[in-house]
Amino acid sequence: MNYVKMRLTKLAQSKFLAALRVLCCVGISALGIIMFVSSVSMAAEPYVYNQDAGRVNYMLQCQGCHKANGEGDGVGVPSMSEHGLAMLSIEQGRRFFISVPGSSLSPLSDQGLADALNYIAIELLHSAKRDQTFQQFDTSEVARHRGYKMKDVAGEREHIVKQIEQQTSAH
Ligand code: HEC
């Protein structure tokens, strides 16, 4: 009788251990999957220009002053096509686009501002001057320059325009 009881408890024990092992395996794999998924979702997604978001952001946050075609009012708001894509070919010009008050202080996220700026560059400027190449903005470039406080916006623009003119006359 005792022997049978012992066998039974042994059996129960081994079954219990087997179940425990299975549970452990399942638990560890589940943990692994959770950690993998969260590490993937935490990694920064590469920026991809969203044309629809760019158009909507431009319409809602910029167009009031810059007009639908980016030509501004010809008085206080400059025409973006005047120096257009040439500005985007120099570092200071790119920083200028990101850090002018209308851009940097807009309620848009960095990604939303990148979309609005790319909308300007691609749809308003490049579509009119297809021979000029330029590099798109991305979220990290916007984040890097957005906090730059310009002391003299007009002076900075003048400086950039001079650089562009020097570049074009040197060619
Ligand atoms: C309240 C009016 C206003 C709004 C809204 C506005 N801007 Fe502007 N923007 C200006 C003015 C004025 C200038 C000229 C520089 C200055 O004085 O800030 C300018 C200059 C610029 C320039 C430089 C263009 C050049 O050729 O010198 C860019 C780029 C620009 N804005 C982008 C934007 C973007 C992007 C938005 C929307 C997220 C926006 N602005 C919203 C008024 C505005």
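Our subject in this report is the structure included herewith. Source: prediction; values computed, not measured.

**Section: the nonpolar core**
With 22 residues, the main nonpolar core has Met87, Phe97, Leu113, Ala116, Leu117, Ile120 and Ala121 as its most contacted residues. Contributions of two or more residues to this core are made by helix H4 (84–87), helix H5 (91–99) and helix H7 (110–126). Per-element tally for this core: the top contributor is H7, with eight residues. Once residues lying within four places of it in the same chain are set aside, the contact partners of Leu113 are Ser103, Ser106, Leu108 and Val142.

**Some points on H5**
All buried positions along H5 are accounted for by Gly93, Arg94, Phe96, Phe97 and Ile98. Those residues of H5 that are buried lie in contact with H4, helix H6 (101–104), H7, helix H8 (139–146) and helix H9 (153–170).

**Considerations on helix H2 (residues 51–61)**
All of the buried residues along H2 are Gly54, Asn57 and Tyr58. Viewed along the axis of H2, the buried residues span an arc of 100°, placing them on a single side of the element. As for H2, its buried residues are in contact with helix H3 (63–66) and H7.

**Focus on the site of the ligand**
Surveying the vicinity of the ligand reveals 22 residues, the closest of which are Gln61, Cys62, Cys65, Gly102 and Ser106. Broken down by secondary-structure element, the contributors of at least two residues to the shell around the ligand are H3, H6, H7 and H9. A per-class count over the shell around the ligand returns twelve nonpolar, eight polar and two charged.

**Things to note about the environment of Ser104**
Along the polypeptide, Ser104 turns up in helix H6. According to the C-beta neighbour criterion, Ser104 is partly exposed, with 18 such atoms within 10 Å. Filtering out sequence-adjacent residues up to four positions away, Ser104 remains in contact with Ile98, Ser99 and Arg146.

**Quick look at the packing of H5 against H8**
At their nearest, the axes of H5 and H8 sit 9 Å apart, and the two run at 80° to each other. As judged from the angle between their axes, H5 and H8 are roughly perpendicular. Contacts between H5 and H8 pair Arg94, Arg95, Ile98 and Ser99 from the former with Glu141, Val142, His145 and Arg146 from the latter.

**Thoughts on unusual backbone geometry**
Excluding glycine, residues mostly have negative phi values, and the peptide bonds linking residues are mostly trans. Positive phi outside glycine occurs at Lys67, with the angle close to 70°. Residue position: Lys67 is located in the loop between H3 and H4. Overall, the presence of 16 C-beta atoms within 10 Å leaves Lys67 in the partly exposed class.

The rules behind each value
Residues numbered from 1 in each chain as written. Predicted model: local features only at pLDDT ≥ 70, side-chain atom pairs only at ≥ 80, totals over all residues. Core = buried A, V, L, I, M, F, W, Y, C linked by C-beta atoms within 7 Å. Buried ≥ 20, exposed ≤ 12 C-beta atoms within 10 Å, placed from the backbone. Helix = DSSP H or I, 4+ residues; strand = E, 2+ residues; numbered from the N terminus. Contact = placed C-beta atoms within 7 Å. Arc of directions from axis to C-beta. Near = placed C-beta within 6 Å. Nonpolar A, V, L, I, M, F, W, Y, C, P; charged D, E, K, R; others polar. Axes fitted to C-alpha atoms, helices over the stretch in contact; angles between N-to-C directions. Parallel < 35°, antiparallel > 145°, perpendicular 65-115°, else oblique.

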